[in-house]
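# Summary of structural features
Each chain, written out:
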Amino acid sequence: MYRFLATRRWLVRTLAGVLLVLVCVRLGIWQLDRNEQRQDRNAVIEANVGGEPVPVAEVAPPGEPLDDDDRWRSVVVTGEYDTGNELLLRLRPVDGERGVHALTPLVTDDGVALLVDRGFVAADGRDDDEIDLPPPPSGEVTVTARVRSSESGHDVDPSSGAVRYVDVEGIAAALPYPLYGAWGELIEQEPPADTELQLLSPPETEAGPHLSYAIQWFIFAVVGVGGFVLLVRAEARGRDADDPAPADRDDSHATSPGESLREPDPSDRQVS
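Residues numbered from 1 in each chain as written. Predicted model: local features only at pLDDT ≥ 70, side-chain atom pairs only at ≥ 80, totals over all residues. Heavy atoms only, no water.

### Concerning the pattern of salt bridges
Cut-off, in case you're wondering: What makes a salt bridge here is a side-chain nitrogen of Lys or Arg within 4 Å of a carboxyl oxygen of Asp or Glu, nothing more. Only protein chains enter the accessibility calculation, which uses a 1.4 Å probe. A residue is then buried if its area is under 20% of the maximum for its type, exposed if over 50%, and partly exposed in between. In this description a helix means any DSSP run of H or I spanning at least four residues, a strand means any run of E spanning at least two, and both kinds are numbered starting from the N terminus.
Enumeration over the complete set of coordinates arrives at eight salt bridges. Ionic pairing is found between arginine 73 and aspartate 70, a salt bridge with its closest N-O pair at 3.3 Å. The class of aspartate 70 is buried, set by a relative accessible area of 17%. One salt bridge in this structure joins glutamate 185 and arginine 148, with 2.8 Å as the shortest N-O distance. With glutamate 185 in strand β9 (residues 179-190) and arginine 148 in strand β6 (residues 141-148), this residue pair connects regions lying 37 residues apart in the sequence. Owing to a relative accessible area of 4%, glutamate 185 belongs among the buried residues under this scheme. One connected set of salt bridges, linked through shared partners, spans Arg92, Arg146, Arg148, Glu151 and Glu185.

Here it is as structure tokens:
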């Protein structure tokens, strides 16, 4: 009944259907992985944001990368801002508005610096290099910041005065002092600056759409399997309808070859 599945056309259809279902399942699993990563990230944010600040050297000593569980922790560090090596952090819009961030090293008495994102300045139609950054407080400053992991990317050239990624190791190579193994987003500083930049909000803990996307991909896989089964059954019924059924035979009137040669019995004759 289903011998047609061995034909070349149906083998191609079957292979295409299997590949389509496997792709849907793989995409569903990928979205589940994304959802798990989002849940892990949210757990770290909820555990660290708003906690008591600790010395930055405890979580990100020089040359040591920031542990994933320490991301977004509040740290405290005291030093002086080095505006001579300040960088523009580009292509980081805030609330959909284009602008730049002031990325300024805060050099401690130990000679180690923390890269601090002091805040955001909206472009207001200006090019990035036309934006004037308000100066930080002069002299000794105590900063509380949320630490973030070093980033990697291709657009990291501190000599140009602007970067797109905060690659701590790459930026440190162009500075005359070492950097802590993380960088920070300013929460508060004492004393405050005369002109404050727009501070960055803490990260939000959103569930995201990944779980619903995963369910959709698995539904597509089930629909694909069900659709293929229905297509096969429809093809089988169509082939059965095209094949004529053998005529029914009336075995009650059939005679064997032996019967056709037998002489009639005289007793069977009617007497007139």
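### Observations concerning the pairing of strand β2 (residues 74-81)
What counts, and what does not: Strands were regarded as paired on the criterion that DSSP finds at least two bridges between them.
The pairing of strand β1 (residues 54-55) with β2 spans two bridges and is parallel. If you follow valine 54 over to β2, its bridge partner there is valine 75. Note: β2 against strand β4 (residues 99-107), two bridges, orientation antiparallel. Counted as the bridge partner of glutamate 80 is valine 107 from β4.

### Quick notes on the packing of aromatic side chains
What counts here: Put simply, two rings from Phe, Tyr or Trp (the six-membered ring, in Trp's case) pair if the centres are within 6.5 Å, and we call them stacked under 30 degrees between planes, edge-to-face over 60, tilted for the rest. Lysine and arginine charges are scored as sitting over a ring when NZ or CZ, respectively, is within 6 Å of the ring centre and within 35 degrees of the ring normal.
Applying the stated criterion across every chain yields a total of two aromatic pairs. Taken together, a centroid distance of 6.3 Å and an interplanar angle of 65° make the contact between tryptophan 10 and phenylalanine 228 edge-to-face. Highlighted residues: tryptophan 10 in helix α1 (residues 8-48) and phenylalanine 228 in helix α4 (residues 210-242), separated in sequence by 218 residues. Cation over ring: arginine 13 sits above tryptophan 10, and NZ or CZ is 4.7 Å from the ring centre.

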